[in-house]
Amino acid sequence: MSRPFPERVPVLVVGAGPVGLALAGELGWRGVGTLVLDSGDGSIAFPAGEHIFSRTMEHLRRWGIADEARELGWPPRGYKGGVAFVTSVTGHVLATLEPGTRSPFDEVTPEKPLVQAKFKFDPLLRRHAESYDSVTVTHRHEVTDFEQDADGVTVSVRDLDGGRDLRIRADHLVSCEGARSAVRRRLGIQYEGEFAQGHNFAVFFRSAGLRTLLTRHGLAGATQIQTNISPLRPYLTVVDGKELWRCSTYHDGQSDPDPRQVVIQAVGAEVDVEVVRCQPWTGHQVVADRYGAGRVFLAGDAAHLRWPKGGFGANTGIGDAVDLGWKLAAVHAGWGTPELLASYEPERRPIALRNGRWAAENWAADQKVPSGPLLEEDTPEGAEARARAATVITRERLKEYLTVGVQLGYRYDASPVCHYDEAAAPEDRSDIYVPSTCVGARAPHAWLPDGTSTLDHFGTGFTVVRSGSKPGLLPLVDVARERGVPLSVLDIDDLEIGLLYQEPLVLVRPDGHVAWRGPALPADVESLVDLVRGATPTSPSAPQPPTSH
């Protein structure tokens, strides 16, 4: 380790996967001391998790590493991205879903989604976290037990290489360990939902000849190829663009198939296959019944498991990390309260349920696509079967890849630290995003005259976006200062942006979500400030007439 091992830390994070590293990066960005412990050695044994949502990229933009993420090199040279549905690599093409010239993200965010290999993305998150002096990341250390009291958490840690037993005192403990979280089990928290909806088998392999086959059959531009002649529907994913690939297939769960034959079936021809690693995995739709207890919290797969259909896993977990991170930082700074931390579960648990439902719907849609040997036949009946399959693919499978609503449209509709109004919110759809300042929603992006996005002005504290008649803000500024709540003002003179923000005053939280909005400040500004920092369950009264500032 390059840094001394602290005996006491504000936050101890268990697990150095993308969620744990994102939480450490969020806390480091906010100046909070953080220790990340992981029982592994830091290596990535199996590549996965390529889809980085636009919302996740917006968080990376705030951290200052979005450009670096895009420069890591994906898609690989010669690949333009997209998905091809085929009978086999050497067979018929049923349909292709390719990136269009115009994206639904173009006008609504400064950061489009990214496809990036896990073995590149996770190290970026670690480099970012460790760039802060307040953050230490270490491997080969296992949390064996913990006890919490009114003042903190005492964590028992085993040094797996040195054989030492350590005790670390933390103000808060966060489990980002994944599905087998020992912290979750220690708390007695259970998953709720439907387990084992389907069994799967994945193969990470090396093949020098597969790229040549893809080129020969016009598939070299796709980064994922799904084969449909078999109901097992194996699909191939590009890993390095040269010789490393991943193949995954459904199976019966009774016994693991021959990994080489899994690949050969997907390809439809003999090809060189060197199996690097293979593993079974199971599709679930479950969410933890609680997101923590006292000073201990769950995030990522420790709190929710779903089908990897649409890239919802790590992105939902990183959303957990950002929500919990700014609240832990507020408590550490003294202006946030334990009640602010208690808002983590009612905000993030409904999002896990929502995203898990849509991921399961994508899996169910995949089952509707026809399969079978008829698709391979060079006959009129085969051509007709392929046309039917193409129609089903376009109708059912496209929504897995058109997820602008999933990525940007999620809202916190029942948060105890937001003040809601009676205005109707946009419909929550996976494929459509309507920018809105309805309370709980992500505050909209718009380009400002200086070339920055509105989103670039959110993050360090609360921000009031003020437009239109520019109502007075002096009472709010004074109360925030008195409570120690960081507050800034973003004045908007552009009429279109003012209309986009819907109200003359919009209070945006440190995570970029709307906490309150109105035509003028409420009469009881103290209650508004206390509400959003978690200090009181009461809501502010009706707006008062505008005042000058």
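A brief look at the structure comes next. (Residues numbered from 1 in each chain as written. Predicted model: local features only at pLDDT ≥ 70, side-chain atom pairs only at ≥ 80, totals over all residues. Heavy atoms only, no water.)

### Re the packing of aromatic side chains
Inference 1: Enumeration over the complete set of coordinates arrives at twelve aromatic pairs.
Inference 2: Arranged with centres 5.6 Å apart and planes meeting at 55°, the rings of Y291 and Y344 form a pair that is tilted. One end of the pair, Y291, is in the loop between β15 (274–288) and β16 (292–293); the other, Y344, is in helix α10 (residues 344–367), and 53 residues separate them in sequence. Y344 shares its class with Y291; the two are buried.
Inference 3: Seen from their ring centres, Y410 and Y412 are 6.0 Å apart, and the 55° between their planes marks the pair as tilted.
Inference 4: Among the residues examined, Y410 registers a relative accessible area of 8% and is labelled buried.
Inference 5: Owing to a relative accessible area of 2%, Y412 belongs among the buried residues under this scheme.
Inference 6: Grouped by ring-pair contacts, the aromatic residues Y250, W281, W307 and W363 constitute a single cluster.
Inference 7: Geometry around W29 places R62 over its ring, the cationic atom sitting 4.9 Å from the centre.
Inference 8: When the ring centre of Y410 is taken as origin, the NZ or CZ atom of R348, which lies over that ring, is 5.5 Å away. (Phe/Tyr/Trp six-rings, centres within 6.5 Å; stacked < 30°, edge-to-face > 60°. Helix = DSSP H or I, 4+ residues; strand = E, 2+ residues; numbered from the N terminus. Buried < 20%, exposed > 50% of the residue type's maximum accessible area, 1.4 Å probe, protein only. Lys NZ or Arg CZ within 6 Å of the ring centre and 35° of its normal.)

### A short note on the environment of Q502
Inference 1: Here Q502 lies in the loop between α14 (495–501) and β21 (505–508).
Inference 2: Judged by its relative accessible area of 43%, Q502 falls in the partly exposed class.
Inference 3: C-alpha of Q502 to C-alpha of G468: the two residues are 34 residues apart in sequence and 9.6 Å apart in space.

### Some words on the pattern of salt bridges
Inference 1: Under the criterion given, the structure shown has 46 salt bridges.
Inference 2: Of the charged contacts in the structure, one is a salt bridge between E396 and R395, with a shortest N-O distance of 3.2 Å.
Inference 3: Since its relative accessible area comes to 12%, E396 is described here as buried.
Inference 4: The exposure class assigned to R395 is exposed, which follows from its relative accessible area of 53%.
Inference 5: The partner of R481 in a salt bridge is D478, and the shortest N-O contact between them spans 3.2 Å. (Salt bridge = Lys/Arg side-chain N within 4 Å of Asp/Glu carboxyl O.)

### Describing the sheet that holds strand β22 (residues 514–518)
Inference 1: An order of β20-β19-β21-β22 is seen for the four strands of this open sheet, with the pairing classed as mixed. Two strands close off the open sheet at either side, each with one partner strand: β20 (487–491) and β22. Within this sheet the neighbouring strands show an average axis-to-axis angle of 20°, counted without direction.
Inference 2: With five bridges connecting them, strand β19 (residues 462–466) and β20 associate as parallel partners. (Pairing = 2+ DSSP bridges. Axes fitted to C-alpha atoms, helices over the stretch in contact; angles between N-to-C directions.)

### A closer look at the sheet that holds strand β18 (residues 304–305)
Inference 1: Overall, mixed pairing links the eight strands, which are arranged β5-β4-β12-β13-β14-β11-β15-β18 in an open sheet. With one partner strand each, in any of the chains shown, β5 (93–97) and β18 form the two edges of the open sheet.
Inference 2: Here strand β11 (residues 191–206) runs beside β15; their pairing, made up of 13 bridges, is antiparallel. Within β15, the residue paired with F204 across the bridge is R277.
Inference 3: Across the sheet, α10 lies against β11, β12 (224–227), β14 (244–251), β15 and β18, angled at about 125° from β15, the strand it touches most.
Inference 4: Contacts from helix α11 (residues 380–397) reach β4 (83–86), β5 and β12 within the one sheet, and its direction differs from that of β5 by about 20°. (Contact = heavy atoms within 4.5 Å.)

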